[in-house]
Every structure is written in structure tokens, then in C-alpha cells.
Amino acid sequence: KQEVTQIPAALSVPEGENLVLNCSFTDSAIYNLQWFRQDPGKGLTSLLLIQSSQREQTSGRLNASLDKSSGRSTLYIAASQPGDSATYLCAVEGMNGNKLVFGAGTILRVKS
Amino acid sequence: DAGITQSPRHKVTETGTPVTLRCHQTENHRYMYWYRQDPGHGLRLIHYSYGVKDTDKGEVSDGYSVSRSKTEDFLLTLESATSSQTSVYFCAIRAPGQGNEQFFGPGTRLTVL
């Protein structure tokens, strides 16, 4: 059974700092990995999707990498801003199904 | 915007009553999903659909049923609501043309008293 772990569970940083969020998964037979953002009381917003054949994806100040063999992904946020404060979730889709398995998320607070 | 709406957005009901939540999409995606989100448990899959009248169970399907009679609508029914079903419910679609990226609706907050 696939398990997804996110570390740290919470992170507080000053504005302007570069930061890394970590995601690990136990079964490397994945089709893709997706990073989401969730603001309090809101739905999930898709940030980046990395297919299993890819190593990284970039969108603006966000860069996500994938090392399938070691079961790890990182989300790098450059020059963090207070508006980046949210919960960040990673999820993987296995090769043998059409379902996402989610991590518990990292709660990020960027202080001004 | 993936064109996903959920109704109602908030609902308070009593134990033992039936409840139906609706998810509507505008882009004719084949796959639709229902998740629940609870503190300490994260997002968990309840049921999903891979076409009209084609559905399958997820991780936490007990006490829930689903129906999909049209491509655009996916209904989640709690036959007899219990307090343990108090949660936030999210609907999602899967976009095969975008690497199977999933997009989520705004959620329904359900309280069972």
C-alpha cells in the first residue's frame, strides 16, 4: 500500500527566504506526482505535476523535483512571500490505478 | 478554473437523515472523485467514477454511495448520516490531456449533529 509522508509538518520562515518542502513515497511505481496548495477553508489548487519520466517542473518561483528511484520529491519556493502562507500537499498516482494518495501536508507560514 | 462546482457548500443535518452532495463539471472529463478531508487524516478517497454508471470504491467508502447518470454530474449520498461523517467533502476531476492532473472543487462543509 502506497504511503506518502511530508516533512516538515509545519514551517515558519521570514519573508524572502528560499525554502524546501519534502515529500517521500514508499512505492516507486508511480505514474505522476502532484503538488497542491490549500488556503484555510478553501479547496486545493494544483501547483505542479511531474510525470514519472520527468525530473522536474517549474512554475514561476516554484520548482518541483522528482527522484522516483529513491521515492522522493521536493518543492522549492524561491524568495518566499507572506502570500505563500498555506498548506502544501503532495500526492502520487500509482501505475496500477487512477487514484491519488495524499500526504498529510506541510503548513507554511511566511512572516513579513 | 476546471469548471467544477459543488452544492451545497455548507450543510447541517441530523444523525440518521439522508444527505446528497452534488458535483458538477463543465468539461466532460471521464474521471470524477469524491474525497473527504479531516484533521489528522488528510485527504482520503471515498468513491470515484470512470464513466457514466461506472463507479468504484475508495479507501473510506463505508456508509457512502455514489451515482453518475450523466457525464457532468457525480452525486455522493450518505444514506443515514452519522456524526463521524462530519467533514469537508471535495470533488475532483482528472484531466488525461494534462498528464492526469487532478483539479478540485471548492468543497462542501457537512456537519452532522
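Residues numbered from 1 in each chain as written. Chains lettered and ligands numbered in written order. Predicted model: local features only at pLDDT ≥ 70, side-chain atom pairs only at ≥ 80, totals over all residues. Heavy atoms only, no water.

Peer 1: Explain unusual backbone geometry here, please?
Peer 2: Excluding glycine, residues mostly carry a negative phi; peptide bonds, for their part, are mostly trans. Here the amide bond leading from Ile7(A) into Pro8(A) is cis, since omega sits at 0 degrees, within 30 degrees of zero. Within the secondary structure, Pro8(A) is located in the loop between strand E1 (4-7) and strand E2 (10-14). A cis amide bond links Ser7(B) with the next residue in sequence, Pro8(B), at an omega value of -10 degrees. Mapped onto the elements of the fold, Pro8(B) is located in the loop between strand E1 (4-7) and strand E2 (10-13). Unlike most non-glycine residues, Ala79(A) shows phi in positive territory, near 45 degrees. (Helix = DSSP H or I, 4+ residues; strand = E, 2+ residues; numbered from the N terminus.)

Peer 1: Quick question: what am I supposed to make of the sheet that holds strand E6 (residues 56-59) of chain A here?
Peer 2: Adjacent strands of a sheet pair through backbone hydrogen bonds, lying either parallel or antiparallel. Residues and elements named next belong to chain A. With respect to topology, five strands assemble into an open sheet ordered E1-E3-E8-E7-E6, the strand pairing being antiparallel. Looking at strand neighbours, the two that pair on one side only are E1 and E6, the edges of this open sheet. Sheet twist, expressed as the average angle between the axes of neighbouring strands with direction ignored, equals 15 degrees. Judged from the four bridges that link them, E1 and strand E3 (residues 19-25) form a sheet pairing that is antiparallel. (Pairing = 2+ DSSP bridges. Axes fitted to C-alpha atoms, helices over the stretch in contact; angles between N-to-C directions.)

Peer 1: Got a minute to help me understand the state of the cysteines in this structure?
Peer 2: Disulfides are covalent bonds that link the sulfur atoms of two cysteine residues. Within this structure, the stated rule accounts for two disulfides over all chains. Sulfur-sulfur distance for the disulfide between Cys23(A) and Cys90(A) comes to 1.9 Å. Every disulfide takes its handedness from the sign of the S-S torsion; for Cys23(A) and Cys90(A) that torsion is 70 degrees, giving right-handed. Note that Cys23(A) is positioned in strand E3 and Cys90(A) in strand E9 (residues 86-94), a separation of 67 residues in sequence. The pair Cys23(A) / Cys90(A) is uniform in exposure class, with both members buried. Disulfide pairing is shown between Cys23(B) and Cys91(B); the S-S distance is 1.8 Å. The chirality of the disulfide connecting Cys23(B) with Cys91(B) is left-handed, given an S-S dihedral of about -70 degrees. In this pair, Cys23(B) sits in strand E3 (residues 19-25) while Cys91(B) sits in strand E9 (residues 87-95), placing the two residues 68 residues apart along the sequence. A residue is classified by how much of its surface remains accessible, and Cys23(B), at 0% relative accessible area, is buried. (Disulfide = S-S within 2.5 Å. Buried < 20%, exposed > 50% of the residue type's maximum accessible area, 1.4 Å probe, protein only.)

Peer 1: Any chance you could explain the interface of chain A and chain B here in plain terms?
Peer 2: Accessible area lost upon the coming together of the parts is a frequently used measure of interface size. Contact with chain A, which involves 18 residues of that partner, is made by 19 residues of chain B. Summed over both partners, the interface of chain A with chain B comes to about 1,500 Å²; 51% of that surface belongs to carbon and sulfur atoms. Residue Glu93(A) is joined to Arg94(B) by a salt bridge in which the shortest nitrogen-to-oxygen separation is 3.3 Å. Of all elements in the fold, only strand E4 (30-38), strand E5 (44-51), E9 and strand E10 (100-102) of chain A reach the threshold of two or more residues within the side of chain A that touches chain B. Sort the elements by how many residues they give to the side of chain A that touches chain B and E4(A) lands first, with five residues. (Contact = heavy atoms within 4.5 Å. Buried area = accessible area lost by both parts, 1.4 Å probe. Salt bridge = Lys/Arg side-chain N within 4 Å of Asp/Glu carboxyl O.)

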